[in-house]
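What follows is the residue order along each chain.
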Amino acid sequence: MNGTSPAYDVVVLGAGPTGENLADRTRAAGLTTVIVENELLGGECSFWACEPSKALLRPVLARADARRVPGLRRAAEGPLDVPAVFEHRDAMAAHWQDADQEEWLDSVSVDLVRGHGRLNGPRQVTVDTPDGERVELTARHAVGVCTGTVTAFPDLPGLADVRPWTNRQATAARRVPDRLAVVGGGVVAVEMATAFRALGSAVTMLVRGGLLGRMEPFAGDMVTDALREAGVDVRFGRSVAAVEREGGGDGPVRVTTDDGDTLVADEILFATGRAPHTGDIGLETVGLTPGDWLPVDDSYRVPEITEGWLYAVGDVNHRALMTHQGKYQARIAGAVIGARAKGEPLDDGRWGRHAPTADSAAVPQVVFTEPEVASVGPTAREAERAGLKADVVDYDIGKIAGAVQYAEGYRGRARVIVDSERRNVVGATFVGPGVQELLYSATVAVTSEVPVDRLWHAVPAFPTISEVWLRILETYRDSDGSAG
């Protein structure tokens, strides 16, 4: 294909999970599709985020569970086998090879151009390939930008010389640093602090606000307590004022915080947020600003492009920065592009086939810390800010028979948000060991808008942690006298 100027119905920039799903869905709609990627097919999630990070965390969480089970505690007291953990991580990241992804694209009849793709005017994409060739692509119907995000660094002099870790260096690490400083309090920060403390690092967290600030406050509090019990030094109200490598750039990292305190670490991980990966994709050629997020309408079109051919899907549109949500958006956007190409009307009512309702009403998330955190829909604070008349129902998961069976001394908490007028579940948060498996039932309840009275007929098996649903319903009934 090098040196040619082929035309396709759809050109997709970025072959992470979002781009791959968008290409798959447009191809399934009968549209010829090509995808452009300058790194590994499968993107951040497959090689530097979801897969390798959870591979590092799985032994940590399994050991923590085993230590709470009679008969296993003594066997689980020893240190983790670090080389075995890294070997497992390497396998889960496919040893940073993407041949299977290329085979999958071929199996769904999506063409691939490897190289750096940039917009070059309306419906035009130019790709500079690794071998120095240039490919000019034309999109008849749509260009989908699925380039995701990159680490957002603070503006610190000399930071690049320090060679700071991002999620990429952390998840692909070949050794465990004796001392690790983690800057930030979001998901990457708490997960990597959990993993590297269990692998043997002395971890210090520098957190400007609180942990997991976008979730229910009790989630951050419980994770903070667990991290501190594990030996992590969590310091709140701290920002990095200066950072440098000692010994001419080859030694440890000296960190000065905004209160004048200092600490020394072998590596420093910045997990301070994400920025759109749009700085060098040719946005200026279509009147947009390089480096900006790409806000979209509810069909994932970029509204500034009046001709309607440019779509932004996944993290790059800043709606919900999670892999599974990007894949959801890709499924919706692919169906939208296919329908528009065929001149078909859109089913874009609430929860319709072409409506991205879950982006605002039902975004699920799991934080793989110890304890785990799982949530979907708004928090109590978000529901209040949105003007929703809501009832907040809390329950101690540790009282559930299934939780007692799961682990001695089980500590957990559940919160469900109920629309008091429509009487259906709109949000839920669970904190505790093993709660990730409660999340899909909560997501189904939210998206199906199941009336609370109907949930009484969803009988949880005994003894399982899912019995928390029954206890929540009982608590809600007893608090407001509803039927049940």
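An unreviewed UniProt entry lists the chain under the name Dihydrolipoyl dehydrogenase family protein, with Streptomyces cellulosae given as the organism. Per UniProt, the chain carries the Cofactor (unreviewed entry) text "FAD". Looking at the chain in UniProt, the text filed under Sequence similarities (unreviewed entry) is "Belongs to the class-I pyridine nucleotide-disulfide oxidoreductase family."

**Side note on the environment of His277**
Tracing the backbone shows His277 in the loop between strand E15 (274-276) and strand E16 (310-312). C-alpha of His277 to C-alpha of Leu455: the two residues are 178 residues apart in sequence and 43 Å apart in space. With sequence-adjacent residues up to four places away left out, His277 is seen in contact with Thr147, Gly148, Thr149 and Val150.

**Section: the layout of surface pockets**
Estimates place the volume of the second largest pocket at around 390 Å³. For the second largest pocket, the lining is made up of 16 residues, of which Ala64, Arg67, Ala226, Ala230 and Glu370 are closest to its centre. At the level of secondary structure, the elements contributing two or more residues to the lining of the second largest pocket comprise helix H3 (50-66), helix H8 (187-199) and helix H9 (217-229). Sorting elements by how many residues they give to the lining of the second largest pocket places H9 first, with 4 residues. Classifying every residue of the lining of the second largest pocket gives 7 nonpolar, 2 polar and 7 charged.

What counts, and where the lines are drawn
Residues numbered from 1 in each chain as written. Predicted model: local features only at pLDDT ≥ 70, side-chain atom pairs only at ≥ 80, totals over all residues. Heavy atoms only, no water. UniProt positions renumbered as here; feature names shortened; annotations may be inferred. Helix = DSSP H or I, 4+ residues; strand = E, 2+ residues; numbered from the N terminus. Contact = heavy atoms within 4.5 Å. 1 Å grid on protein atoms, 1.4 Å probe; cavity = no way out; pocket = protein on both sides within 12 Å on 5 of 7 lines; lining within 4 Å. Points joined across faces, edges and corners; volume = space filled by probe spheres on them. Nonpolar A, V, L, I, M, F, W, Y, C, P; charged D, E, K, R; others polar.

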